[in-house]
Amino acid sequence: MNKMSSPAANPILSLDDVHLKLNSDAGPVHILRGIDLEFNPGETVGVIGPSGSGKTSLLMVIAGLEPATSGKIVAVGQEITTLNEDQLTRFRRDHVGIVFQGFHLVPTMTAIENVALPMEFAGQSDVIDRARHHLLSVGLGERLHHFPGQLSGGEQQRVALARAFGMEPKILLADEPTGSLDHDSGQNIIALLFDLQKRVGTTMILVTHAPDLAGRCERVIRIADGKVADG
Amino acid sequence: MVDLTLAGKLAVRELAAEMRGGIRGFRIFLTCLSLGVATIAAVGSLSQALNAGLRADGAKLLGGDIDLRLLQRPVSTEQRTYLQSGSVAYSEVVKMRAMVRPVTQRENRTMVELKAVDVAYPLVGSVQTTRDVPLSELLQKRGSNWGAVVDPGLLTRIGAKTGDVVRMGAARYQIRAQLISEPDRIANVFSFGPRFLVSSASLADTGLIQPGSQIRYHYRLILPADLKPDQWKTNLAQAFPSAGWRIRTPGEAAPGVKRFIDRMSLFLSFVGLTVLLVGGLGITGAVKSYLNGRIRSIATFRCLGASAELIFSIYMIQVVTLGLTGIAIGVAVGGLLPVAMLWLIGPTLPVQPALGVFVTPLALAALFGFLSTITFALLPIAAACEVRPASLFRARIAPINSRPKQRYQLAMGVGILALALLTIGSASEPFFAVWFVGGSILTVLLLGGGAELVIRLARALPPPKNALWRLSITNLYRPGNAVPGIIVSMGVGLSVLVAIALIEGNMSRQISERLPERAPAFFFVDIQPDQVERFDAAVTGIRGTSGYQRVPTLRGRIVKINGRAIEDAAISPDSQWATHGDRALTYAGKKTVESKVVKGTWWPEDYKGPPLISLDAGLARGFGVDIGDTLTLNILGREVTATIHNLREIDWRSLRFDFAIIFSPGTLEGAPLTHIAAIEADPAVEQAVEKAATDPFPNISAIRVRDALQAAGKILAGIGTAITGTAALTIVAGAVVLAGVIASEHQRRVYDAVVFKVLGATRRRILTVYLLEYGMLGLVTGLLSGVIGTVTGWAVIHFLMRTEWEFLGTVVGTTIFICMGVILAAGLLGTWQTLGQKTAIHLRND
C-alpha cells in the first residue's frame with residue numbers, strides 16, 4: 001500500500017483506501033476513489049485540484065460530516081469510520097476545527113456568542129471571557145457584539161477562525177478560507193491562519209485553488225478525479 | 001403612476017411559476033384564510049337557515065295567521081264574537097302546568113305541560129301520534145274517562161303505558177296514544193314537564209280552572225286571504241284598545257327561539273371573527289415568509305428599475321389572487337357546513353333549518369376575508385418594497401426586516417378600522433360587538449406587549465451557568481425570533497378558550513354546585529286564596545320541612561317606561577329580558593323579601609295612596625330609571641302606572657322568593673290573585689311533601705327545584721358544548737399559524753442545527769435546547785392567555801351577567817397545560833425534521 005505521507009512516524013490522521021459514493025438523480029457518483037493519506041502532528045498540508053476533483057469531500061469525510069462509503073480513517077488515535085453520528089459530533093467538538101469559504105456563522109448570534117458556542121457545547125466554564133480573548137487575538141475587540149450581518153467578509157472569517165481555534169483543535173480543516181474575500185482581506189486571513197496554527201500547533205489541512213497559497217504549506221497534495229494524484 | 005397591466009403580468013407570471021410546484025408554499029396562507037371565512041360563513045348560514053325555517057313554518061308554529069294570548073282569563077263574549085266573525089277559521093287552546101298521576105300508583109305523580117285543544121285544532125299542519133286515528137276522536141270522552149295523547153317521556157316517568165288511566169285534578173284521562181309531533185310546538189328548549197294533550201271540553205271536569213290560576217288562553221285565527229295580519233291588528237287595537245292581550249303574527253311565531261338563535265349566532269360569529277383574526281396573523285406570517293423567499297427576485301426587479309410602488313402592486317396582486325382562492329374555499333365550505341351540521345345535530349336544533357344558499361352571510365364572510373387579506377398582508381408587502389438592490393451582492397441575504405413607510409402603516413390602521421366597523425355594523429347587537437372589537441384589539445396588544453416583555457426579560461437576565469438554558473434563553477431574543485408569532489397566534493385562541501371555559505364553568509356552578517345551602521326543595525304554584533290556610537298546614541306539618549314562604553302573585557307586562565312605550569325606550573341588552581313577557585308581581589305592606597333596599601325607603605306598612613313600586617336595582621340601571629320615575633304595567637288588561645319608590649339589589653342565585661317588581665298595598669288586592677309558595681325539605685321527605693301538597697289540592701302544581709335545575713343545567717351544558725366546540729376552532733387556527741411560524745423558521749433552524757453539529761452539539765443537546773425554548777414559550781403563552789382569559793371571563797360574569805365570580809384554577813391550569821403541549825409538540829416536530837437533515841449538503845460552497 002502506498003501511503004502518501006511525509007516520512008515522520010505516529011500520524012495524527014490516516015486515511016486508508018477511503019471511498020465516497022453519493023447518489024444523485026443521474027445515478028451514483030463516485031467522488032473519492034481510494035484515498036490513502038497520512039498527516040503528522042503539527043504539519044500544514046495544502047490540498048489542490050480542479051473543481052469537482054473531491055477536495056471538499058475529502059475534508060467532509062475527515063470531519064465525519066460525510067460518512068465514507070468504505071475505507072478506514074483514524075484520527076487522534078480513534079477510528080472515526082466506526083463512530084455513530086453523536087460520537088462523531090463529540091469527536092469533532094474535542095479535536096477538529098473547521099473554517100469554511102462561506103464562514104457558516106450563526107447569523108442570529110453575535111460574534112462573541114458564535115465563538116463561545118463550541119466551548120459551550122463542550123461544557124467549559126467562563127466561555128464568554130474566553131471567547132472575548134480569542135476575538136481580541138484576531139483583532140476584533142471592537143466587534144464582540146456585532147451580528148455576522150453587521151461584519152465585513154474578512155471580519156466574519158476572522159470570527160470563524162477564532163471559533164475554530166477556540167477549542168485548540170488537534171486538526172484544523174480549512175476549505176478555501178479566502179474564496180469569498182478580496183485579495184487584501186484574503187492575505188490577512190491567511191497570515192492569521194498560519195499564525196494561529198503555529199501558536200496552537202495544530203495539524204492544518206488547507207483546501208485551495210491557489211497554488212501559491214498551497215505552497216505556503218509544508219506539503220502539498222494534488223487531488224484529481226477522486227484520487228491522490230501527487231503528494 | 002404604477003403600470004398595473006405590467007404589475008399584473010409580472011404577478012401572474014411569478015405566481016404561475018411558483019404554483020408549478022403545487023400549492024405547498026401557500027398552504028398556511030390558504031388554510032388561515034379559508035378557516036376564518038368558513039367559520040363566519042357557516043355560522044351566518046346556519047343562523048339564516050334556522051331563521052328561514054322559523055319563517056317558513058311561522059304559521060304552523062304559531063298555529064294560525066294570528067295567535068292572541070291572554071293570561072289567567074279568557075276573552076269576553078264580545079271579544080270572542082269579534083274574533084270569530086273576522087276570521088275564516090278559529091281555534092282555542094288552553095295551556096297550563098298541572099300534576100298528573102296514575103290512578104293505581106298515586107306516588108308516581110309528575111308535573112306536565114297541559115294543552116287543551118278544541119275540535120278545530122290544529123288550524124295549520126297536523127298532529128302526529130302513534131295511532132292512525134283523528135285527534136278529536138282520541139281525545140273524546142268514553143265512559144268516565146277523557147282521552148289524552150302524551151309525550152312518551154311521561155309514560156316512563158310515571159310508569160304507565162298506553163291504555164292506562166291517569167288522574168289530573170278531578171278528572172280521569174285514558175292515555176290513548178303517544179305524541180310524535182305537534183305542528184305548533186318548537187323543539188323543547190326548556191319545559192317543566194312532558195306534554196299532556198287533552199280536549200278543552202274536559203277542563204271543566206278537572207276543577208283546575210280557578211280564578212287567578214296561571215293559565216294561558218290562546219286564540220288562533222286564519223284570516224281571509226285579502227286581509228293582512230298587520231291590518232287586522234290595527235282594526236283589533238281600535239276595537240279593543242286596552243285588552244292586554246299579546247298578539248303574534250307568523251313572523252313572530254317564536255321570538256324566544258329567534259332571540260336564542262340570534263344571540264347564539266352573534267357569539268359564534270365572534271368566535272368566527274377570532275378565528276379570522278388569528279388567521280390574519282397567519283396571513284402576515286405566511287406573506288412575510290413567501291416574500292423572504294423572493295428577496296432575490298425583488299432585488300433584481302429593483303436593480304432593473306422597478307419602483308417600490310410597482311413591487312407593491314406585483315405582490316399585492318398575487319396576495320389578492322391567492323386571497324380570493326382562499327375566500328372561495330372558505331365560502332364553499334362554510335355554505336355547505338349547515339347541511340353537514342343538520343345531518344349531525346339536526347334533532348337537537350330548536351327548529352328545523354330551511355336549507356339553501358344564503359347570499360348575505362356568504363357575502364359578509366367573503367368581505368371579512370377580503371378585508372383581512374389586504375389588511376394583514378399590507379405591512380409585509382410594504383416592507384418588501386424597501387428591499388435594496390444591493391442585497392444581490394451579498395452572499396447570504398438577511399430576511400426582510402425594514403420598517404414599512406408610514407402611509408402603509410396608516411393604510412393598515414384604516415383596514416383594521418374597516419374590519420371593526422364591519423363587525424359592529426353587521427352584528428345583530430352592536431353593544432356586544434363593540435366590546436368584542438375592543439377586547440380583541442386589547443388582547444392582541446397585551447399579547448404583543450407580553451411577547452416584547454419576554455424578549456426584554458430574556459435579554460436582561462444574567463446568563464445561566466447551564467449552557468443549554470443559556471442557549472435556549474438567548475434564542476428567545478435573537479433577531480427574527482419566533483416569540484411574538486407564537487405568543488400572539490396561540491395566545492388569542494387560548495384566551496378565548498379560557499374565557500369561555502371559565503364563563504361556562506361559573507354558570508354551571510351557579511346551577512349545580514353552588515346551590516345555596518338552604519335552597520327550597522319545591523315551589524308550589526296556583527294556590528287559591530281559599531286554600532292557603534289548609535295548604536300551609538298540610539305542607540308545614542311534615543317533619544323535615546322548614547323555611548316556608550308564601551306570597552300572593554299575579555302576572556303583568558311592562559308596557560311603558562316613564563310614559564314611553566317599551567318599543568321606543570332605550571333598554572340595555574342585559575335588562576331586555578324583563579320586557580319580553582309577563583313578569584310575576586306581588587304586593588306587600590311590610591318588606592318580606594330578603595333583598596336589600598339600596599336606594600329610597602320602604603313604604604309604611606299601612607300605605608294607602610297612589611301605586612308605588614319597589615324595583616330591582618339592576619333593572620333600574622338597564623331601564624335608565626330612578627326613584628320618582630314611573631313604570632306602566634298591563635295587568636289583566638288594565639294599565640297601571642306606578643311610581644318607583646325604592647330600589648332593591650336582588651341576589652337571584654339565592655333561589656329565595658323575590659320579585660323584580662313589588663307593589664305597595666292598595667293596587668293589586670282586588671285582582672284575582674293566586675299564591676305561590678316555597679319550602680325547604682330533607683330529601684327523604686320530598687315525596688311526602690309533594691303528596692301532601694297535591695293530593696288534597698289537585699289544582700296546585702309542585703315544581704321540584706332539583707329537577708328544574710338539572711334541566712337548566714343540561715341546556716346550559718348543550719349550549720356550552722356548542723360554543724366551546726366552535727371556540728376550539730380558534731385553537732386550530734392558532735395551531736395552523738404556529739405551524740406557519742415554525743415552518744418559516746425551518747430553514748434557519750436547519751442551518752443553525754447543522755452549524756451546531758459541526759461545532760460539537762449532539763442531537764440530544766440540540767433537541768433539549770429547542771424543547772426548553774418551546775417549553776418556555778408555551779408556558780409564557782399559557783400564563784398570558786390564562787390571565788387575559790380570566791380577566792375577560794370575570795368581566796363577563798361580573799358586569800354582563802352580574803353574578804358571583806369564582807376563579808376555577810383547574811380550568812385555567814388545564815388550558816395552560818394544553819397550550820404547552822401543543823407548542824411543545826409543534827416545536828418537537830419541527831426540531832425533529834431539523835435534526836434529520838444531512839449536514840454536508842448545507843456546508844458545501846455554492
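Since the structure is predicted, the reported quantities are computational estimates derived from the model, not experimental observations. (Residues numbered from 1 in each chain as written. Chains lettered and ligands numbered in written order. Predicted model: local features only at pLDDT ≥ 70, side-chain atom pairs only at ≥ 80, totals over all residues.)

Caption draft 1: Just the overall build of chain A, in detail. Scanning chain A from N- to C-terminus turns up seven helices and ten strands. Seen along its three principal axes, the alpha-carbon backbone of chain A occupies a region of about 50 × 45 × 35 Å. Here the contacts in chain A between residues at least 6 apart in sequence split such that 71% fall between residues at least 24 apart. (Helix = DSSP H or I, 4+ residues; strand = E, 2+ residues; numbered from the N terminus. Contact = placed C-beta atoms within 7 Å.)

Caption draft 2: Seen up close, helix 6 (residues 183-200) of chain A. Residue and element names in this part refer to chain A. Over its 18 residues, helix 6 extends 26 Å from the first C-alpha to the last, a length consistent with the 26 Å expected when each residue adds 1.5 Å. Every buried residue belonging to helix 6 is among G186, I189, I190, L192, L193, L196 and Q197, and all of these are buried. The buried residues of helix 6 all sit within an arc of 165° when viewed along its axis, so they share a single face. Seen from the buried face of helix 6, the exposed residues on the opposite side, beyond 90 degrees, are H183, D184, A191, K198 and R199. Check the buried side of helix 6 and you find it contacts strand 3 (44-48), helix 5 (153-166), strand 7 (171-175), strand 8 (203-207) and helix 7 (211-215). G201 lies just past helix 6 and shows a positive phi near 75°. (Expected span 1.5 Å × (residues − 1). Buried ≥ 20, exposed ≤ 12 C-beta atoms within 10 Å, placed from the backbone. Arc of directions from axis to C-beta.)

Caption draft 3: Seen up close, the domain arrangement of chain B. For chain B, the assigned domains are domain 1 (1-57 + 253-428), domain 2 (60-252), domain 3 (433-515 + 709-846) and domain 4 (529-698). On a C-alpha basis, the centres of domain 1 of chain B and domain 4 of chain B stand 53 Å from each other. (Domains from an automatic or database assignment.)

Caption draft 4: Representation of the sheet that holds strand 1 (residues 13-24) of chain A. All names here are of chain A. If you walk across this open sheet you meet the four strands as 2-1-4-5, and the pairing is antiparallel. Edge positions in the open sheet fall to strand 2 (27-39) and strand 5 (78-79), since each of these has one partner strand only. Examined bridge by bridge, strand 1 and strand 2 share ten bridges and lie antiparallel to one another. Paired with L15 across the two strands is L37, which belongs to strand 2. Helix-sheet contacts for helix 1 (residues 55-63) involve strand 1, strand 2 and strand 4 (70-75), and the interaxial angle to strand 2 is about 70°. (Pairing = 2+ DSSP bridges. Axes fitted to C-alpha atoms, helices over the stretch in contact; angles between N-to-C directions.)

Caption draft 5: Summary view of the interface of chain B and chain A. In this complex, chain B contributes 25 residues to the contact, which on the side of chain A involves 31 residues. Breaking the side of chain B that touches chain A down by element, the ones donating at least two residues are helix 15 (467-477), helix 20 (705-758), helix 21 (763-800) and helix 23 (840-843) of chain B. Classifying every residue of the side of chain B that touches chain A gives eleven nonpolar, six polar and eight charged. (Nonpolar A, V, L, I, M, F, W, Y, C, P; charged D, E, K, R; others polar.)

Caption draft 6: Fine view of the nonpolar core. Ranked by internal contacts, the top residues of the largest apolar core, which has 204 residues, are L161 and L173 of chain A together with C32, I381, I487 and I823 of chain B. For this core, the element with the most residues is helix 9 (residues 255-292) of chain B, which contributes 16 residues. Setting aside anything within four residues of it in sequence, one finds C32 of chain B in contact with G279, G282, I283, A286, A733, V736 and V737 of chain B. Grouped together as the second largest cluster of nonpolar side chains are 63 residues, L71, V100, A677 and A692 of chain B included. (Core = buried A, V, L, I, M, F, W, Y, C linked by C-beta atoms within 7 Å.)

Caption draft 7: Molecular detail of the packing of helix 5 of chain A against helix 6 of chain A. Residues and elements named next belong to chain A. Where helix 5 meets helix 6, the axes come as close as 10 Å, and the angle between the chain directions of the two elements is 10°. Between helix 5 and helix 6, the angle is such that the two are roughly parallel. Across the interface between the two elements, G153, G154, Q157, R158, L161 and F165 of helix 5 pack against S185, N188, I189, L192, L193, L196 and V200 of helix 6. Here the contact of helix 5 with helix 6 is composed, by residue class, of seven nonpolar, five polar and one charged. (Parallel < 35°, antiparallel > 145°, perpendicular 65-115°, else oblique.)

Caption draft 8: Spotlight on the pairing of strand 8 of chain A. Residue and element names in this part refer to chain A. Counting buried residues along strand 8, five of its five residues qualify, which places the element largely inside the surrounding structure. Taking every second residue as pointing to the same face, both faces of strand 8 are buried, with T203, I205 and V207 on one and M204 and L206 on the other. Examined bridge by bridge, strand 3 and strand 8 share four bridges and lie parallel to one another. Along strand 8, the bridge assignment pairs V45 with I205. With five bridges joining them, strand 7 and strand 8 adopt parallel strand pairing. When the bridges of strand 8 are listed, L173 appears paired with I205.

Caption draft 9: Local environment of unusual backbone geometry. Cis geometry is found at the peptide bond from Y121 of chain B to P122 of chain B, where omega equals -10°. For P122 of chain B, the location among the structural elements is in the loop between strand 3 (110-117) and strand 4 (128-129). Not every positive phi belongs to a glycine, and V76 of chain A is a case in point at roughly 45°. On the basis of neighbour counts, which here come to 16 C-beta atoms within 10 Å, the residue V76 of chain A falls in the partly exposed class.

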